Amino acid sequence: MLFVVTVVPAALLLPLAGTAALVVLQSAAVVAGTARAGGGTDQVVVVGLLYGAFQVFAALVVLAGRREAEQRAALAGAYAELRAASALLASSARDAERLRIARDLHDVVGHGLTALALELEVASHRASGPAAEHVARARSIAKDLLGDVRSAVGGLRGEVRGLEAALREAVGGAPGLEVVLAVREEVPVDPDRALVVVRCVQELVTNALRHAAARRLTVDLTATAAGLHLLVRDDSRGTRHLRPGNGLTGMVERVEDTGGTIRFSTAPGRGFTAELEVPA
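Residues numbered from 1 in each chain as written. Predicted model: local features only at pLDDT ≥ 70, side-chain atom pairs only at ≥ 80, totals over all residues. Heavy atoms only, no water.

(A) Spatial organisation of the overall build of the protein chain. Helix and strand counts for the protein chain stand at 7 helices and 5 strands. The order of α-helices and β-strands along the protein chain, N terminus first, is α-α-α-α-α-β-α-β-β-α-β-β. Intrachain contacts of the protein chain at a sequence separation of at least 6 include 68% that bridge at least 24 residues. Counting only carbon and sulfur atoms, one obtains 60% of the accessible surface of the protein chain, whose full area is about 16,800 Å². (Helix = DSSP H or I, 4+ residues; strand = E, 2+ residues; numbered from the N terminus. Contact = heavy atoms within 4.5 Å. Areas by Shrake-Rupley, 256 points an atom, 1.4 Å probe, with all protein chains shown as cover.)

(B) Expanded view of the environment of Leu12. One can find Leu12 in helix α1 (residues 2-13). Taking C-alpha positions, Leu12 is 9.3 Å from Gly65, a pair spaced 53 residues apart along the chain. Residues contacting Leu12, with those up to four places away along its chain left out, are Val62 and Arg66.

(C) Molecular detail of the pairing of strand β4 (residues 261-266). Both β4 and strand β5 (residues 272-279) contribute to a ladder of 6 bridges, which runs antiparallel. Its bridge partner being in β5, Thr261 is matched across the sheet by Glu277. Adjacent in sequence and paired antiparallel, β4 and β5 are bridged by 5 residues, among which Gly269 carries a positive phi angle near 80°. (Pairing = 2+ DSSP bridges.)

(D) Focus on the packing of helix α5 (residues 163-171) against helix α6 (residues 191-210). Following both chains from N to C, one finds α5 and α6 inclined at 25°, their axes separated by 10 Å at the closest point. Between α5 and α6, the angle is such that the two are roughly parallel. Both α5 and α6 take part in a crossing whose hand is right-handed. Only Ala194, Val197, Val198, Val201, Gln202 and Val205 of α6 make contact with α5, whose side of the interface consists of Leu163, Ala166, Leu167, Ala170 and Val171. Grouping the constituent residues of the contact of α5 with α6 by class yields 10 nonpolar, 1 polar and no charged. (Axes fitted to C-alpha atoms, helices over the stretch in contact; angles between N-to-C directions. Parallel < 35°, antiparallel > 145°, perpendicular 65-115°, else oblique. Left-handed = near helix turned anticlockwise from the far one by under 90°. Nonpolar A, V, L, I, M, F, W, Y, C, P; charged D, E, K, R; others polar.)

(E) Representation of the nonpolar core in the model. Counting residues in each nonpolar core, the largest one holds 34 residues, and the members touching the most others are Leu163, Leu167, Val197, Val201, Leu221 and Leu230. Looking at this core, the elements that each hand over two or more residues are α5, β1 (178-185), α6, β2 (216-224), β3 (227-234), α7 (246-257) and β5. Ranked by the residues each element gives to this core, the list is headed by α6, at 9 residues. Setting aside chain neighbours within four positions, we find Val201 in contact with Leu167, Val171, Val219 and Leu230. (Core = buried A, V, L, I, M, F, W, Y, C linked by side-chain atoms within 4.5 Å. Buried < 20%, exposed > 50% of the residue type's maximum accessible area, 1.4 Å probe, protein only.)

Written out as structure tokens, the structure reads:
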């Protein structure tokens, strides 16, 4: 029965061929032991088949659970990518609408009020008596309105957060992990590169939760005319030898597709660091 128990961790840790080889080897050991103990041919066959079936059943149960976990992880990854894309799309749509309203206010209302203020300026030099007082008051109101329009346009442009909003949406709600986000977006980031950055940050958050047992993650992003620079650090236990899995490998592929580079570094007790650079 210990052979049946042994199959469980083997099915979790070994590839399918290794698990099958272990089942065959242990079944042969059961058959040999039964024969050596003086069992007849029928007994040897029955015991071998019985314990072989037990081992196969245990392996199949574990493999089914393992496959389900892999599918659940793949589904979670797809959901994370969909959430990142949705957050980025929603943020881009909001920013585009704000910029459109700001441009319309500046080009239509702002220019109209400027023209009105100029006309009132001319009228103030030609009017006399009680009319001059009304013209001066109208000119003052027009100037105040023009100042309000300019303030509104500046406020709308200041609310355009772009990539920062998408990143905050993407990293929000990470259970048991404190995420410190710092974004300096000097120039707007195009949607393709922004999506790469959001997906990479999500993968690093998932890695910190699932594999590194980290409690704190810092994300530092700078976007300039030259390109993007992203630095992500966690306070995990670290490791001496880094073996990139599918997630980290996928990050490297995404970044290299944009012409960028990404570097990973880790050490025992020093956490995990990822540094990403993407050209403009």
